[in-house]
2 protein chains.
Amino acid sequence: MSGVREQKKQQTRKAIIDAAVKLFTEKGFEQTSMDELARAAGVGKGTIYGYFKAKEEIFLAYCEAELEFAFAALDRKIDEEASLVDQLVAYMMGQITFVTENREFGRIFAREMTFPGENTRLRSRDLDMRYLNKLGEVLGRAQLRGELPAESELLLLIAHLHALYILVLSSIYSGDVTSLENAKIFCRSLVLQALHGPAAIAQAPLDVQSGWQELRQQFLEQRKLEM
Amino acid sequence: MSGVREQKKQQTRKAIIDAAVKLFTEKGFEQTSMDELARAAGVGKGTIYGYFKAKEEIFLAYCEAELEFAFAALDRKIDEEASLVDQLVAYMMGQITFVTENREFGRIFAREMTFPGENTRLRSRDLDMRYLNKLGEVLGRAQLRGELPAESELLLLIAHLHALYILVLSSIYSGDVTSLENAKIFCRSLVLQALHGPAAIAQAPLDVQSGWQELRQQFLEQRKLEM
DNA sequence: GTAAAATCTCGACCGCGGTCGACTTTATCT
DNA sequence: AGATAAAGTCGACCGCGGTCGAGATTTTAC
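Residues numbered from 1 in each chain as written. Chains lettered and ligands numbered in written order. Predicted model: local features only at pLDDT ≥ 70, side-chain atom pairs only at ≥ 80, totals over all residues. Heavy atoms only, no water.

## Let's talk about the domain arrangement of chain A
Residue and element names in this part refer to chain A. Under the domain assignment used here, chain A contains domain 1 (1-52) and domain 2 (59-223). Between domain 1 and domain 2, the residue contacts involve eight residues of the former and seven residues of the latter. Together, the buried faces of domain 1 and domain 2 total about 610 Å²; carbon and sulfur atoms form 75% of this surface. In terms of surface lost to domain 2, no three residues of domain 1 exceed Val 21, Phe 24 and Phe 29, which account for 53% of the buried area on that side. Viewed at the interface, domain 2 and domain 1 are joined by zero salt bridges. Where domain 1 meets domain 2, there are one residue pair in polar contact (both at pLDDT 80 or more). For the side of domain 1 that touches domain 2, the per-class residue count stands at five nonpolar, one polar and two charged. (Domains from an automatic or database assignment. Contact = heavy atoms within 4.5 Å. Buried area = accessible area lost by both parts, 1.4 Å probe. Salt bridge = Lys/Arg side-chain N within 4 Å of Asp/Glu carboxyl O. Polar contact = N/O pair within 3.5 Å; in protein donor to acceptor, adjacent residues only side chain to side chain. Nonpolar A, V, L, I, M, F, W, Y, C, P; charged D, E, K, R; others polar.)

Following this line, the structure appears as structure tokens:
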């Protein structure tokens with residue numbers, strides 16, 4: 001049972017991912033066909049499906065590497081002594097900035113991560129956990145500092161914040177939020193409310209208040225909600 | 001400019017939607033091909049694309065009718081005098097039950113609604129607004145009753161609750177939540193926290209607390225989060 | 001060493017969603 | 001009414017993601 005076979009398999013796998021990174025980066029996910037990918041990786045198309053169940057799975061493998069990098073960069077930039085809100089907003093915006101760097105790419109990523117198909121469920125969960133763990137760390141530190149009540153249920157808060165992140169992303173793709181600045185204001189307002197209850201905005205610093213009011217106007221005009 | 005043409009167009013449009021309702025219901029969205037749909041509607045395949053930009057757009061048109069019905073049923077069942085939390089959970093669960101009635105259908109719906117493509121953006125926004133308006137009504141009534149601080153920013157709260165709904169849906173597709181019962185417990189915990197702050201669960205009635213603790217255990221085991 | 005079994009590779013092939021331009025039907029103009 | 005323009009219809013056709021089984025390659029058994 002010499003490792004010849006195993007070795008080759010690893011090579012092939014790497015060749016596929018490398019080709020995917022190159023092509024997806026160069027021309028995007030949807031614009032890269034499996035035929036191209038196979039040719040670029042130097043294998044038959046069918047072979048790819050021995051390594052990945054679907055095109056989306058390759059996509060997530062590709063994301064894994066990229067996200068790793070983005071998170072590392074973010075970690076370096078985060079100020080652990082900043083206020084909880086600032087840190088949370090920073091993480092959320094880091095993630096959002098990364099995802100929406102390319103709009104089409106981000107939509108696929110968001111769709112696959114938030115509502116994964118059976119093929120991609122496990123892989124997307126892996127990726128998700130990195131982000132959730134990050135949130136957990138930030139919250140844990142805040143709890144130690146006393147910035148968060150000791151009896152807070154951290155897991156629930158993590159879920160909560162994750163929900164807000166998804167919402168902001170969704171707002172970007174629904175057209176309610178059209179710039180990263182607005183996304184940030186939105187994030188901040190939501191986080192404030194999550195941490196300090198429904199009346200938090202009314203007590204927030206003036207710049208947050210006014211920023212939100214402006215956004216609010218845009219929402220109402222765009223969506224014609226009856227309020 | 002007799003209306004002959006316009007009349008025919010309306011007929012054709014209706015024929016397409018009718019066929020879609022029949023086929024999507026019978027065999028599902030993905031299992032219905034555009035060729036079949038065209039044949040069933042009695043038109044050429046190309047004709048359909050004169051009425052809808054993409055298969056997904058037909059899907060959303062199909063949903064519109066179904067959702068209308070589901071909401072009406074829900075409205076009839078909702079107790080306007082129940083507590084705010086109960087009403088919110090009821091609406092969220094109504095929506096979730098509807099969406100996940102068929103798993104594949106629900107995933108497409110959720111993906112298209114949360115991260116719409118350029119083709120389906122406007123239509124998905126229309127649908128979204130119905131749900132948001134419902135939330136607004138419930139919150140507005142609660143504010144009048146004094147169950148919600150007068151200075152609460154309703155729009156922000158609506159956004160917040162919408163985020164929670166999406167999260168619960170996402171948890172179902174990620175495999176974190178595997179039954180409607182669990183979804184309900186999750187919903188309730190999240191809503192409580194959203195309305196009463198991060199420490200709300202610790203003060204919740206015992207059954208909510210214990211239900212959540214059980215769910216929490218499942219999460220941790222499944223996801224192996226470091227907490 | 002060799003035969004049998006297990007594994008991996010490949011590209012022709014499938015059905016799909018979506019496009020295109022030739023064709024038919026309706027509206028408009030004189 | 002006849003001619004021209006405009007609008008609508010259609011299915012052959014395209015490239016796509018994914019499958020399949022024949023054939024090549026490695027492992028195992030003797």
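## A look at the relation of the copies chain B and chain A
By a simple turn and slide, chain B fits onto chain A: the slide is 0.0 Å along the axis, the RMSD is 0.1 Å, and the turn is 180°. Here the symmetry operator amounts to a two-fold rotation axis. When the interface residues of chain B are mapped onto chain A, 100% of them again fall at the interface, so both copies present the same face. (Least-squares fit on C-alpha atoms with pLDDT ≥ 70 in both.)

## Let's talk about the environment of Phe 29 of chain A
All names here are of chain A. Structurally, Phe 29 can be placed in the loop between helix 1 (4-27) and helix 2 (34-41). For Phe 29 and Ile 58, which are 29 residues apart along the polypeptide, the C-alpha to C-alpha distance reads 9.9 Å. Ignoring anything within four residues of it in the chain, the contact list for Phe 29 reads Phe 24, Lys 55, Glu 56, Phe 59 and Ile 108. (Helix = DSSP H or I, 4+ residues; strand = E, 2+ residues; numbered from the N terminus.)

## What about the nonpolar core?
If you look at the biggest cluster of nonpolar residues, it comprises 163 residues, and the most contacted ones within it are Phe 59 and Phe 186 of chain A together with Phe 59, Phe 109 and Phe 186 of chain B. Contact partners of Phe 186 of chain B, with chain neighbours within four places excluded, come to Leu 156 and Ala 159 of chain A together with Leu 167, Val 168, Ser 171, Val 177, Trp 212, Leu 215 and Phe 219 of chain B. (Core = buried A, V, L, I, M, F, W, Y, C linked by side-chain atoms within 4.5 Å. Buried < 20%, exposed > 50% of the residue type's maximum accessible area, 1.4 Å probe, protein only.)

## As for the interface of chain B and chain A
Opposite the 61 residues of chain B that make contact, chain A presents 61 residues. At the boundary of chain B and chain A, one finds 12 salt bridges. Counting every contact that joins chain B to chain A gives 27 residue pairs in polar contact (both at pLDDT 80 or more). At the level of elements, helix 6 (103-114), helix 7 (121-145), helix 8 (154-174), helix 9 (180-196), helix 10 (200-203) and helix 11 (206-223) of chain B are the ones that each hand at least two residues to the side of chain B that touches chain A. Per-element tally for the side of chain B that touches chain A: the top contributor is helix 8 of chain B, with 16 residues. For the side of chain B that touches chain A, a count of residues per class yields 32 nonpolar, 14 polar and 15 charged.

## Some thoughts on the packing of helix 5 (residues 84-99) of chain B against helix 7 of chain B
Residues and elements named next belong to chain B. One way to put it is that helix 5 packs onto helix 7 with a least axis distance of 10 Å and a crossing angle of 170°. Judged on the interaxial angle alone, helix 7 and helix 5 are roughly antiparallel. Contact residues: Leu 84, Gln 87, Leu 88, Tyr 91, Met 92 and Gln 95 in helix 5; Tyr 131, Lys 134, Leu 135, Val 138, Leu 139, Arg 141, Ala 142 and Arg 145 in helix 7. Residue composition of the contact of helix 5 with helix 7, grouped by class: nine nonpolar, two polar and three charged. (Axes fitted to C-alpha atoms, helices over the stretch in contact; angles between N-to-C directions. Parallel < 35°, antiparallel > 145°, perpendicular 65-115°, else oblique.)

## Section: the layout of surface pockets
As a volume, the largest pocket reaches approximately 750 Å³. Glu 56, Arg 111 and Glu 112 of chain A together with Glu 56 and Arg 111 of chain B are, among the 27 residues lining the largest pocket, the residues nearest its centre. Counting only elements with at least two residues in the lining of the largest pocket, the list comes to helix 6 (103-114) of chain A together with helix 4 (55-77) and helix 6 of chain B. Across the lining of the largest pocket, the residue classes tally to six nonpolar, six polar and 15 charged. As a volume, the second largest pocket reaches approximately 460 Å³. If you go around the second largest pocket, you meet 23 residues; those closest to its centre are Leu 74, Lys 77, Ala 90, Met 93 and Gly 94 of chain B. Elements with a contribution of two residues or more to the lining of the second largest pocket: helix 4, helix 5 and helix 9 of chain B. With nine residues, helix 5 of chain B is the largest single contributor of residues to the lining of the second largest pocket. Looking at side-chain class alone, the lining of the second largest pocket contains 12 nonpolar, four polar and seven charged residues. (1 Å grid on protein atoms, 1.4 Å probe; cavity = no way out; pocket = protein on both sides within 12 Å on 5 of 7 lines; lining within 4 Å. Points joined across faces, edges and corners; volume = space filled by probe spheres on them.)

## Looking at the packing of aromatic side chains
Under the counting rule described, the total for this entry stands at 30 aromatic pairs over all chains. Between Phe 24 of chain A and Phe 59 of chain A, the aromatic rings sit 6.4 Å apart at their centres with planes inclined by 50°, giving tilted as the arrangement. Taken together, the residues span a long stretch of sequence, with Phe 24 of chain A in helix 1 and Phe 59 of chain A in helix 4 (residues 55-77) at a distance of 35 residues. Ring geometry for Tyr 173 of chain A against Phe 115 of chain B: centres 6.2 Å apart, planes inclined by 85°, an arrangement best described as edge-to-face. Remark: Phe 115 of chain B occurs in the loop between helix 6 and helix 7 and Tyr 173 of chain A occurs in helix 8 (residues 154-174); the pair is interchain, linking two chains. Just as Tyr 173 of chain A is buried, Phe 115 of chain B falls in that class too. The ring centre of Phe 71 of chain A lies 5.6 Å from the NZ or CZ of Lys 134 of chain A, which sits over that ring. For the cation-ring pair, Lys 55 of chain B lies above Phe 29 of chain B, with the distance from its terminal atom to the ring centre recorded as 4.5 Å. (Phe/Tyr/Trp six-rings, centres within 6.5 Å; stacked < 30°, edge-to-face > 60°. Lys NZ or Arg CZ within 6 Å of the ring centre and 35° of its normal.)

## Some words on helix 5 (residues 84-99) of chain A
Residues and elements named next belong to chain A. Taking 1.5 Å per residue, 16 residues should reach 22 Å; helix 5 reaches 23 Å between its end C-alpha atoms and fits that length. A large share of helix 5 lies buried, amounting to 12 of its 16 residues. Taken together, the buried positions of helix 5 are occupied by Leu 84, Val 85, Gln 87, Leu 88, Val 89, Tyr 91, Met 92, Met 93, Gln 95, Ile 96, Phe 98 and Val 99. Residues of helix 5 that are buried in the fold lie against helix 4, helix 6, helix 7 (121-145), helix 8 and helix 9 (180-196). (Expected span 1.5 Å × (residues − 1).)

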